[in-house]
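These are the residues of each chain, in order.
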Amino acid sequence: MEQTFRRLREAGETALMPFITVGDPDPDTTVDILLQLEQAGADIVELGVPYSDPLADGPVIQRASERALVHGITIETCLETAKKARNRGVTMPFVLFTYYNPMLQMGLEQFFTSLRQADISGLIVPDLPFEESEEVLRLGDEHGILLVPLVAPTSSERISLILSRARGFVYCVSSLGVTGERSDFHKGVDDFIASVKAGTDLPVAVGFGISNGEQVRRFARICDGTVVGSAIVRKIEESLPLLKSEEQREQGLLQIRDFVAQLKLR
C-alpha cells in the first residue's frame with residue numbers, strides 16, 4: 001500500500017479509494033465488481049465486512065449489509081472473497097473495514113493470520129478507540145497488517161496521539177455523523193486536514209460524504225487519497241436488477257465501472 005501512495009505522489013496524482021460491502025449482492029458478484037473497480041482506475045479498495053449493528057454506516061451501506069447478511073456473509077467469507085479476487089487477477093491493495101466484535105469472535109491471533117493469508121494490506125476498525133488499540137496494533141505489526149486510524153474533526157487534542165501510532169495512511173473523516181452522500185462538509189474541514197498533514201509523514205486520505213467527481217477534485221487538492229463509499233454502494237444497489245439477470249449482468253457491471261471511472265482523476 002505504501003508503494004501505491006508513493007507511486008501516485010511521484011506522479012502528482014491522488015489515490016481513488018472505493019468502499020464496497022463484501023457479499024452485496026453475493027460473494028461472486030463482489031469479485032466481479034472488484035475487477036471492474038480496478039479496470040476503472042481504483043488504486044486501493046476498502047472491503048466492508050457486513051455488520052448488523054454498525055456504528056459509522058449510513059442507510060445506504062446499512063442496506064448493503066442487510067443484503068449481504070441474508071446470504072450468511074461472515075468475516076471468513078469476506079477473506080475468502082478477497083482470495084478469489086486475487087486469483088482472478090485483482091492486484092490493488094485491500095483494506096478491510098470491520099467492527100471489533102467479529103474480530104473478537106474469530107480470535108485476534110487467527111484473525112490476523114487470516115488477513116495475511118488473504119493478502120490484506122490494511123485494517124480499519126471504526127469502533128476501536130485509540131486508547132484500546134495496543135494489542136491490535138501489536139498483532140498488526142507482527143503480521144504486516146497496517147492499522148489505519150480514523151481521525152475526526154472532533155478528535156482535537158487526541159489527534160497527535162492518534163497520529164503517533166498511525167500505520168499505512170491516516171483516514172480523515174470529512175463530516176460529523178455516519179457515512180452518506182453529502183452536498184456540504186464540516187465547517188473548517190480544510191484547516192482540519194491541514195493540521196493532520198502537518199502532524200504526520202504518512203499519506204492522508206479523506207472520506208465520509210464524498211460522492212461525485214467535483215467533490216473528489218475538491219479534496220484531491222489537499223490530500224493524498226479520497227474514499228468514495230455510499231455513492232458506489234448506491235450505484236450497486238441501483239444495478240441489482242441487471243446484476244441478477246444472466247442476460248444483463250455485464251451491463252450492470254459496466255454501469256458500476258463507468259460510474260467509478262468518472263471519479264478517477266487522470
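Refer to the structure presented above.
The structure presented is a predicted model; accordingly, all values stated were derived computationally and were not measured. (Residues numbered from 1 in each chain as written. Predicted model: local features only at pLDDT ≥ 70, side-chain atom pairs only at ≥ 80, totals over all residues. Heavy atoms only, no water.)

K.L.:
Can you help me understand the packing of helix 3 (residues 59–70) against helix 11 (residues 230–238) in this one?
P.N.:
The description of two packed helices rests on the angle between their axes and on the distance between the axes. Interaxial distance between helix 3 and helix 11 falls to 9 Å at its minimum, and their mutual angle equals 50 degrees. Between helix 3 and helix 11, the angle is such that the two are oblique. Of the two possible hands of crossing, helix 3 and helix 11 adopt the one that is left-handed. Of helix 11, the residues touching helix 3 (which contributes Val60, Ile61, Arg63, Ala64 and Arg67) are Ser230, Val233, Arg234 and Glu237. When its residues are assigned to classes, the contact of helix 3 with helix 11 shows four nonpolar, one polar and four charged. (Axes fitted to C-alpha atoms, helices over the stretch in contact; angles between N-to-C directions. Helix = DSSP H or I, 4+ residues; strand = E, 2+ residues; numbered from the N terminus. Parallel < 35°, antiparallel > 145°, perpendicular 65-115°, else oblique. Left-handed = near helix turned anticlockwise from the far one by under 90°. Contact = heavy atoms within 4.5 Å. Nonpolar A, V, L, I, M, F, W, Y, C, P; charged D, E, K, R; others polar.)

K.L.:
How should I be thinking about the state of the cysteines in this particular structure?
P.N.:
Here is the idea: a disulfide is a covalent bond, and it sits between the sulfur atoms of two cysteines. Summed over all chains, the structure comprises zero disulfides. No disulfide involves cysteine 223; its sulfur sits 8.2 Å from the nearest other cysteine sulfur, which is in cysteine 172. Relative accessible area serves as the criterion here: at 6%, cysteine 223 is assigned to the buried category. (Disulfide = S-S within 2.5 Å. Buried < 20%, exposed > 50% of the residue type's maximum accessible area, 1.4 Å probe, protein only.)

K.L.:
Sorry if this is basic, but what is going on with the pattern of salt bridges here?
P.N.:
Between side chains of opposite charge, a pair can form when the charged atoms approach closely. Going through the model one piece at a time under the given rule, you end up with 14 salt bridges. Here aspartate 224 and arginine 9 are joined by a salt bridge, their closest N and O atoms 3.3 Å apart. Within this pair, whereas aspartate 224 is found in the loop between helix 10 (213–220) and strand 9 (225–228), its partner arginine 9 is found in helix 1 (residues 2–10), the two being separated by 215 residues in sequence. Looking at aspartate 224, the relative accessible area reads 13%, which means it is buried. Residue class for arginine 9 comes out partly exposed when judged on its relative accessible area of 46%. With a shortest N-O distance of 2.8 Å, glutamate 142 and arginine 138 are connected by a salt bridge. Remark: arginine 138 and glutamate 142 occur in helix 7 (residues 134–143); sequence separation between them is four residues, near one turn of the helix. (Salt bridge = Lys/Arg side-chain N within 4 Å of Asp/Glu carboxyl O.)

K.L.:
Just to check I follow, could you spell out helix 6 (residues 108–117) for this structure?
P.N.:
An α-helical segment advances 3.6 residues per turn. Residues three or four places apart therefore align on the same side. Listed in full, the buried residues belonging to helix 6 are Leu108, Phe111, Phe112, Thr113, Ser114 and Leu115. As for helix 6, its buried residues are in contact with helix 4 (75–87), strand 3 (94–97), helix 5 (100–106), strand 4 (122–124) and helix 7. Where helix 6 ends, the next residue or the one after it, aspartate 119, has phi of about 60 degrees, a positive value.

K.L.:
Would you mind going over the packing of helix 11 against helix 13 (residues 249–261) with me for this structure?
P.N.:
Where helix 11 meets helix 13, the closest approach of the two axes is 9 Å, and the angle between their N-to-C directions is 160 degrees. The angle between the axes of helix 11 and helix 13 places the two elements in the roughly antiparallel class. Crossing of helix 11 over helix 13 shows right-handed handedness. Contacts between helix 11 and helix 13 involve Ala231, Ile232, Lys235 and Ile236 from the former and Gln255, Ile256, Phe259 and Val260 from the latter. Grouping the constituent residues of the contact of helix 11 with helix 13 by class yields six nonpolar, one polar and one charged.

K.L.:
Which parts of the structure should I look at to understand the sheet that holds strand 8 (residues 204–207)?
P.N.:
Pairing between the strands of a sheet comes from backbone hydrogen bonds, and it takes one of two forms, parallel or antiparallel. The parallel open sheet is built from nine strands, whose spatial order is 5-4-3-2-1-9-8-7-6. On the outer flanks of this sheet lie strand 5 (146–147) and strand 6 (150–151), each paired with one strand and no other. Pairing geometry for strand 2 (residues 45–48) and strand 3, over four bridges, is parallel. Bridge assignment links leucine 47 to a residue of strand 3, and that residue is leucine 96. Contacts from helix 4 reach strand 2 and strand 3 within the one sheet, and its direction differs from that of strand 3 by about 165 degrees. (Pairing = 2+ DSSP bridges.)

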